[in-house]
Amino acid sequence: MRLCLRARWLFILFVLLLIVIGYISKLYVRFFGHPVEKCLLPPNVKLRPGNHIDNSLDLWSRTDVKTCTFWGAPIMWEGMFDPHLYDEYHKNMGTSVALTVFAIGRYLKMYLKDFLTSAEQHFMVGLPVTYYVFTDAPDSVPAVELGTGRTLEIVQVQRHERWQDVSMMRMRTIADAIDSRIRLRHQYVFCLDVDQVFAARFGSEALGESVALLHAFFYLSSAAEFTYDRNPNSTACMETGDFYYHAAVFGGTWQSVKKMTESCDRGIMTDKKNQVEALWQDESHLNKYLYQHKPSKVLSPEYCWSTEVGYRRDVRVHRLLWAEKYYDILRT
Ligand code: 4GW
Ligand code: MN
């Protein structure tokens, strides 16, 4: 009887101890950041300052997925962040966001309207946003009703013959637009493909110094399976890397997006001179850049999901979805 009583007390004490340890570790993360950041941070990577909004992230709220890279960048998953906290923070900071999107040739009629209409419902709602629509047919840009503080600018661009060039020339064009207009009005820039539709919150939690997206097809794959460019004659060639990033979404402060796009453009131009083209064009160059210049924030595939992959328990929210491809019509 006595032994049984003692065992019960011991058990209660043990549970209490677990609760206290859990609480202390939560407090530790809140004030000092995730311990992973401390021990594995390469010396050239800066720690986030103590009052940074990303210190509010609860990296341990998701145990089923990877929530932090080895260099200390958070990987954003539903449940890790408080959306209201982020929105309030960015409203107080006077944050303004530029969204660049290209709609050239048949892509304009096929995708732009749904892209913009859904962005009004889900992209950075509550913050000032300007859509920069790059197109060869300014008169065909559909009229979309925009919320307060939200505007749209059309930038006319030339239409390239080859679709690979349509895709690759985006890097130079974005860098130029940052120089000529974006940097004067916005702190952050997001660069997106047009063939996608927003389906749930894509909010201010996604903002960061430099932001990259995990490709939905490869987020569980190992480095050997990533489709990096492997041709040593291309400047995009890489033998290994951290992740396979999807070029359909990238962003950051205008300063870092300018560096990113300029560097990719330089690689693309050098390749052209040498008459080579990277396996996945601009995406291969982006992956090379992001391997050499680690992003400060990584977006989980929630931020660009493909229903072709199916439905997965870890991807609880589909914030942006790939639209139907219609390759037979579009790629002719
Ligand atoms: C093949 O015929 C083409 S056309 C491949 C891309 C094309 C294309 C792409 C285009 O004719 N017009 C256009 O505006 N784009 C832009 O480049 C558009 O913003 C599109 O989302 C982006 C990347 O092309 P994509 O979405 O077809 O590439 P993936 O297959 O990687 O999503
Ligand atoms: Mn696309």
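Worth saying up front: this structure is predicted, and the values here are computed from it rather than measured.

Comments concerning the pattern of salt bridges
Here the structure, examined in full by the defined rule, presents 24 salt bridges. Here R172 ties to D265 by a salt bridge, and the two come within 3.2 Å at their closest N and O atoms. Taken together, the residues span a long stretch of sequence, with R172 in helix α5 (residues 163-185) and D265 in helix α6 (residues 254-273) at a distance of 93 residues. The closest approach of N and O atoms between E262 and K258, which form a salt bridge, is 2.9 Å. In this pair, E262 and K258 are both assigned in helix α6, four residues apart and thus about one turn of the helix distant. Both residues of the pair, E262 and K258, count as buried. Overlapping salt bridges, with partners in common, bring together R162, D165, K272 and E277 in one network.

Structural notes on the coordination of the manganese ion (ligand 2)
On the protein side, the manganese ion (ligand 2) has D193 (OD), D195 (OD) and D195 (OD) as donor atoms, found 2.1 to 2.5 Å from it. Among the residues examined, D193 registers a relative accessible area of 17% and is labelled buried. Using a relative accessible area of 6% as the deciding quantity, one classes D195 as buried.

Overview of unusual backbone geometry
The phi dihedral of M124 is positive, around 50 degrees, even though this residue is not glycine. Tracing the backbone shows M124 in the loop between α4 (106-122) and β3 (129-135). Residue Q281 is not a glycine yet carries a positive backbone phi of 45 degrees. Summarising the element assignment, Q281 is placed in helix α7 (residues 281-292). A residue is classified by how much of its surface remains accessible, and Q281, at 8% relative accessible area, is buried.

Rules behind the numbers
- Residues numbered from 1 in each chain as written.
- Chains lettered and ligands numbered in written order.
- Predicted model: local features only at pLDDT ≥ 70, side-chain atom pairs only at ≥ 80, totals over all residues.
- Heavy atoms only, no water.
- Salt bridge = Lys/Arg side-chain N within 4 Å of Asp/Glu carboxyl O.
- Helix = DSSP H or I, 4+ residues; strand = E, 2+ residues; numbered from the N terminus.
- Buried < 20%, exposed > 50% of the residue type's maximum accessible area, 1.4 Å probe, protein only.
- Donors = N, O, S within 2.8 Å, 3.2 Å for Na, K, Ca; no water.

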